[in-house]
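Spelled out, the chains give:
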Amino acid sequence: MRWLDKLGENVARKVAHTSSRRSVLCTLGKAMVASAFVMPVLPVARASGKPSDLETASDEALTSCDYWRYCAVDGFLCSCCGGTATTCPPGTTPSPISWVGTCHNPNDGKDYLVSYHDCCGKTACNRCLCSAQTRERPGYEFFLHNDVNWCMANENSTFHCTTSVVVGLAKN
Ligand code: ABN
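Cut-offs and rules
- Residues numbered from 1 in each chain as written.
- Predicted model: local features only at pLDDT ≥ 70, side-chain atom pairs only at ≥ 80, totals over all residues.
- Heavy atoms only, no water.
- Buried < 20%, exposed > 50% of the residue type's maximum accessible area, 1.4 Å probe, protein only.
- Helix = DSSP H or I, 4+ residues; strand = E, 2+ residues; numbered from the N terminus.
- Pairing = 2+ DSSP bridges.
- Core = buried A, V, L, I, M, F, W, Y, C linked by side-chain atoms within 4.5 Å.
- Disulfide = S-S within 2.5 Å.
- Phe/Tyr/Trp six-rings, centres within 6.5 Å; stacked < 30°, edge-to-face > 60°.
- Near = heavy atom within 4 Å.
- Polar contact = N/O pair within 3.5 Å; in protein donor to acceptor, adjacent residues only side chain to side chain.
- Areas by Shrake-Rupley, 256 points an atom, 1.4 Å probe, with all protein chains shown as cover.
- Nonpolar A, V, L, I, M, F, W, Y, C, P; charged D, E, K, R; others polar.
- Patch = residues over 30% accessible without salt bridge, like charges linked within 9 Å, V, L, I, M, F, W, Y side chains within 5 Å.
- Salt bridge = Lys/Arg side-chain N within 4 Å of Asp/Glu carboxyl O.

Undergrad: Explanation requested: the pairing of strand 6 (residues 159-169) in the structure shown.
TA: It is a general feature of regular strands that their side chains alternate between the two faces of the sheet. Most of strand 6 is tucked away: eight of the eleven residues are buried. Pairing between strand 4 (residues 110-120) and strand 6: nine bridges, direction antiparallel. Considered in strand 6, the bridge of valine 114 is made with valine 166.

Undergrad: What should I look at first to understand the nonpolar core in this one?
TA: Generally speaking, nonpolar side chains in soluble globular proteins are found buried as a group. If you look at the biggest cluster of nonpolar residues, it comprises 30 residues, and the most contacted ones within it are Tyr70, Tyr116 and Cys161. Those elements that place two or more of their residues in this core are strand 3 (99-105), strand 4 and strand 6. Counting residues per element, this core draws most heavily on strand 4, at five residues.

Undergrad: Looking at this model, I keep getting lost on the state of the cysteines. Mind explaining?
TA: Each disulfide consists of a covalent bond between the sulfur atoms of two cysteine residues. One pass over the structure, following the stated rule, counts seven disulfides. Disulfide partner of cysteine 88: cysteine 119, at an S-S distance of 1.9 Å. In this structure, the disulfide formed by cysteine 88 and cysteine 119 twists by about -85° around the S-S bond and is classed as left-handed. In this pair, cysteine 88 sits in the loop between strand 1 (74-76) and strand 2 (93-94) while cysteine 119 sits in strand 4, placing the two residues 31 residues apart along the sequence. Each of the two residues, cysteine 88 as well as cysteine 119, counts as buried.

Undergrad: Explain the packing of aromatic side chains to me, please; I cannot follow it from the model alone.
TA: For any two aromatic rings, the description comes down to two numbers: the centre-to-centre distance and the angle of the planes. This structure, assessed with the given rule, holds four aromatic pairs. Between tyrosine 67 and tyrosine 70, the aromatic rings sit 5.5 Å apart at their centres with planes inclined by 70°, giving edge-to-face as the arrangement. Judged by centre distance (5.5 Å) and plane angle (45°), the ring pair of tryptophan 68 and tyrosine 112 falls under tilted. In this pair, tryptophan 68 is assigned in the loop between helix 4 (59-62) and strand 1 and tyrosine 112 in strand 4, connecting sequence segments 44 residues apart. For the pair formed by tryptophan 68 and tyrosine 112, the shared burial category is buried. Feature note: the residues Tyr67, Trp68, Tyr70 and Tyr112 constitute an aromatic cluster, connected by ring pairs.

Undergrad: Explain the site of the ligand to me, please; I cannot follow it from the model alone.
TA: Surveying the vicinity of the ligand reveals the residues Asp74, Asp118, Asp147, Val148, Asn149, Trp150 and Phe159. Contact between the ligand and aspartate 118: a nitrogen atom at 2.8 Å from a side-chain N or O atom of the residue. One nitrogen or oxygen atom from the main chain of valine 148 is found 2.7 Å from a nitrogen atom belonging to the ligand. Taken by itself the ligand offers 250 Å² of open surface, and the protein chains cover 79% of this. Each residue belonging to the shell around the ligand can be placed in one class, and the counts come to three nonpolar, one polar and three charged.

Undergrad: I'm lost on a nonpolar patch on the surface in this one. Help?
TA: Among the surface-exposed residues, Trp3, Leu4, Leu7 and Val11 lie close enough to one another that they form a single nonpolar patch of about 420 Å² accessible area. Positionally, leucine 7 belongs in helix 1 (residues 2-18).

Undergrad: Quick question: what am I supposed to make of unusual backbone geometry here?
TA: Residues other than glycine predominantly adopt negative phi, and peptide bonds predominantly adopt the trans conformation. The phi dihedral of asparagine 126 falls on the positive side, at around 65°, and the residue is not glycine. Summarising the element assignment, asparagine 126 is placed in the loop between strand 4 and strand 5 (129-131). For asparagine 126, a relative accessible area of 59% gives the class exposed. Of note in the backbone geometry, cysteine 128 takes a positive phi value of approximately 50° without being a glycine.

The following block contains the structure:
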(Lines give C-alpha, C1' and ligand atoms only; values in the text may rest on other atoms or scores of the structure.)
Protein backbone atom coordinates (compact mmCIF):
# COMPACT_ATOMS: atom_id res chain seq x y z
CA MET A 1 0.00 0.00 0.00
CA ARG A 2 3.07 2.20 0.07
CA TRP A 3 2.72 2.94 -3.62
CA LEU A 4 -0.82 4.24 -2.95
CA ASP A 5 0.45 6.60 -0.24
CA LYS A 6 3.16 7.82 -2.61
CA LEU A 7 0.66 8.30 -5.42
CA GLY A 8 -1.64 10.29 -3.12
CA GLU A 9 1.23 12.42 -1.91
CA ASN A 10 2.41 13.13 -5.45
CA VAL A 11 -1.07 14.09 -6.62
CA ALA A 12 -1.58 16.35 -3.58
CA ARG A 13 1.80 18.04 -4.16
CA LYS A 14 1.06 18.53 -7.84
CA VAL A 15 -2.32 20.10 -7.08
CA ALA A 16 -0.75 22.29 -4.37
CA HIS A 17 1.88 23.52 -6.84
CA THR A 18 -0.37 24.17 -9.77
CA SER A 19 -3.50 25.63 -8.16
CA SER A 20 -4.36 28.25 -5.61
CA ARG A 21 -6.57 27.68 -2.55
CA ARG A 22 -9.06 30.10 -4.04
CA SER A 23 -9.44 28.16 -7.29
CA VAL A 24 -9.94 24.86 -5.41
CA LEU A 25 -12.65 26.46 -3.26
CA CYS A 26 -14.22 27.95 -6.38
CA THR A 27 -14.33 24.55 -8.13
CA LEU A 28 -15.76 22.84 -5.03
CA GLY A 29 -18.41 25.57 -4.71
CA LYS A 30 -19.44 25.16 -8.34
CA ALA A 31 -19.68 21.38 -7.92
CA MET A 32 -21.89 21.79 -4.83
CA VAL A 33 -24.23 24.25 -6.56
CA ALA A 34 -24.44 22.05 -9.66
CA SER A 35 -25.20 18.92 -7.61
CA ALA A 36 -28.08 20.72 -5.84
CA PHE A 37 -29.73 21.18 -9.24
CA VAL A 38 -28.98 17.73 -10.61
CA MET A 39 -29.58 15.45 -7.60
CA PRO A 40 -33.24 16.26 -6.78
CA VAL A 41 -34.30 15.61 -10.37
CA LEU A 42 -33.71 11.90 -9.99
CA PRO A 43 -35.65 10.63 -6.96
CA VAL A 44 -38.36 13.29 -6.49
CA ALA A 45 -40.75 12.26 -9.27
CA ARG A 46 -40.79 8.67 -8.03
CA ALA A 47 -40.96 9.48 -4.32
CA SER A 48 -43.69 12.12 -4.45
CA GLY A 49 -46.60 9.70 -4.77
CA LYS A 50 -47.82 11.72 -7.76
CA PRO A 51 -48.61 10.16 -11.13
CA SER A 52 -46.34 11.37 -13.92
CA ASP A 53 -48.75 11.18 -16.86
CA LEU A 54 -49.96 14.82 -16.64
CA GLU A 55 -46.93 16.02 -18.62
CA THR A 56 -47.35 13.36 -21.28
CA ALA A 57 -51.17 13.38 -21.62
CA SER A 58 -52.40 14.96 -24.87
CA ASP A 59 -54.55 18.11 -24.96
CA GLU A 60 -57.34 15.92 -26.29
CA ALA A 61 -57.15 13.66 -23.21
CA LEU A 62 -56.94 16.57 -20.79
CA THR A 63 -60.02 18.24 -22.29
CA SER A 64 -62.16 15.09 -22.17
CA CYS A 65 -64.40 14.11 -19.25
CA ASP A 66 -63.09 10.54 -19.65
CA TYR A 67 -59.60 11.43 -18.41
CA TRP A 68 -59.06 9.37 -15.24
CA ARG A 69 -58.40 12.23 -12.80
CA TYR A 70 -61.76 13.82 -13.63
CA CYS A 71 -63.62 10.79 -12.17
CA ALA A 72 -65.49 12.87 -9.54
CA VAL A 73 -65.40 16.36 -11.12
CA ASP A 74 -68.49 18.55 -11.42
CA GLY A 75 -67.88 21.68 -13.44
CA PHE A 76 -66.30 23.15 -16.59
CA LEU A 77 -62.76 21.81 -17.12
CA CYS A 78 -60.23 24.62 -16.68
CA SER A 79 -58.11 22.96 -19.40
CA CYS A 80 -60.85 24.15 -21.85
CA CYS A 81 -61.05 27.64 -20.33
CA GLY A 82 -57.55 29.14 -20.66
CA GLY A 83 -56.09 27.34 -17.65
CA THR A 84 -54.83 23.78 -17.29
CA ALA A 85 -56.09 20.62 -15.57
CA THR A 86 -54.42 21.85 -12.38
CA THR A 87 -54.23 25.65 -12.68
CA CYS A 88 -56.83 28.40 -12.88
CA PRO A 89 -57.12 30.64 -15.98
CA PRO A 90 -55.64 34.17 -15.67
CA GLY A 91 -57.94 36.53 -13.79
CA THR A 92 -59.51 33.81 -11.62
CA THR A 93 -58.68 32.66 -8.11
CA PRO A 94 -58.71 29.05 -6.84
CA SER A 95 -61.21 28.18 -4.11
CA PRO A 96 -59.53 27.29 -0.81
CA ILE A 97 -62.22 24.67 -0.13
CA SER A 98 -62.84 21.75 -2.44
CA TRP A 99 -64.49 18.43 -3.13
CA VAL A 100 -62.34 15.29 -3.18
CA GLY A 101 -62.62 12.00 -5.01
CA THR A 102 -60.62 8.80 -5.34
CA CYS A 103 -59.76 8.03 -8.95
CA HIS A 104 -58.13 4.98 -10.52
CA ASN A 105 -55.20 5.74 -12.82
CA PRO A 106 -55.20 3.08 -15.57
CA ASN A 107 -51.62 4.00 -16.53
CA ASP A 108 -50.08 2.69 -13.31
CA GLY A 109 -53.01 0.76 -11.78
CA LYS A 110 -53.03 2.90 -8.62
CA ASP A 111 -55.77 4.91 -6.88
CA TYR A 112 -55.21 8.62 -6.19
CA LEU A 113 -56.94 11.18 -4.02
CA VAL A 114 -57.94 14.09 -6.28
CA SER A 115 -58.99 17.52 -5.01
CA TYR A 116 -61.42 19.53 -7.19
CA HIS A 117 -60.98 23.27 -6.70
CA ASP A 118 -63.22 25.74 -8.46
CA CYS A 119 -61.70 28.84 -10.08
CA CYS A 120 -63.59 31.96 -9.14
CA GLY A 121 -64.07 35.57 -10.16
CA LYS A 122 -65.22 35.36 -13.80
CA THR A 123 -68.53 34.31 -15.34
CA ALA A 124 -69.07 30.63 -16.13
CA CYS A 125 -66.69 29.31 -18.80
CA ASN A 126 -69.44 27.14 -20.31
CA ARG A 127 -67.01 24.78 -22.11
CA CYS A 128 -66.32 21.09 -21.37
CA LEU A 129 -68.95 20.54 -18.68
CA CYS A 130 -68.23 17.29 -16.84
CA SER A 131 -70.63 15.99 -14.26
CA ALA A 132 -69.19 12.80 -12.84
CA GLN A 133 -71.14 10.95 -10.20
CA THR A 134 -68.57 8.48 -8.86
CA ARG A 135 -69.70 7.64 -5.31
CA GLU A 136 -71.73 10.87 -5.23
CA ARG A 137 -74.83 10.93 -3.00
CA PRO A 138 -77.98 13.07 -3.45
CA GLY A 139 -78.03 16.77 -2.50
CA TYR A 140 -79.58 16.18 0.93
CA GLU A 141 -76.33 14.40 1.94
CA PHE A 142 -74.51 17.68 1.51
CA PHE A 143 -70.93 16.56 2.16
CA LEU A 144 -71.21 13.61 -0.24
CA HIS A 145 -72.63 15.72 -3.07
CA ASN A 146 -70.38 17.44 -5.63
CA ASP A 147 -72.87 19.81 -7.28
CA VAL A 148 -71.64 22.65 -5.09
CA ASN A 149 -70.14 26.06 -5.86
CA TRP A 150 -66.80 25.87 -4.01
CA CYS A 151 -66.29 29.60 -4.73
CA MET A 152 -68.73 30.28 -1.90
CA ALA A 153 -65.88 31.27 0.45
CA ASN A 154 -64.09 33.49 -2.10
CA GLU A 155 -64.37 37.27 -2.16
CA ASN A 156 -65.86 36.96 -5.63
CA SER A 157 -67.99 33.80 -5.53
CA THR A 158 -68.72 33.65 -9.29
CA PHE A 159 -67.83 30.16 -10.54
CA HIS A 160 -65.72 29.92 -13.73
CA CYS A 161 -64.21 26.41 -14.01
CA THR A 162 -62.80 23.49 -12.00
CA THR A 163 -59.25 22.17 -11.59
CA SER A 164 -58.31 18.59 -10.63
CA VAL A 165 -55.25 18.41 -8.39
CA VAL A 166 -53.82 15.03 -7.40
CA VAL A 167 -53.14 15.13 -3.66
CA GLY A 168 -51.35 11.80 -3.47
CA LEU A 169 -51.81 8.05 -3.41
CA ALA A 170 -55.07 6.90 -1.82
CA LYS A 171 -54.57 4.63 1.19
CA ASN A 172 -56.56 1.42 0.96
N1 ABN B 1 -68.17 22.81 -8.42
C2 ABN B 1 -68.71 23.37 -9.57
C3 ABN B 1 -70.06 23.96 -9.42
C4 ABN B 1 -70.20 25.32 -9.34
C5 ABN B 1 -71.45 25.88 -9.20
C6 ABN B 1 -72.56 25.06 -9.13
C7 ABN B 1 -72.41 23.69 -9.23
C8 ABN B 1 -71.15 23.13 -9.37
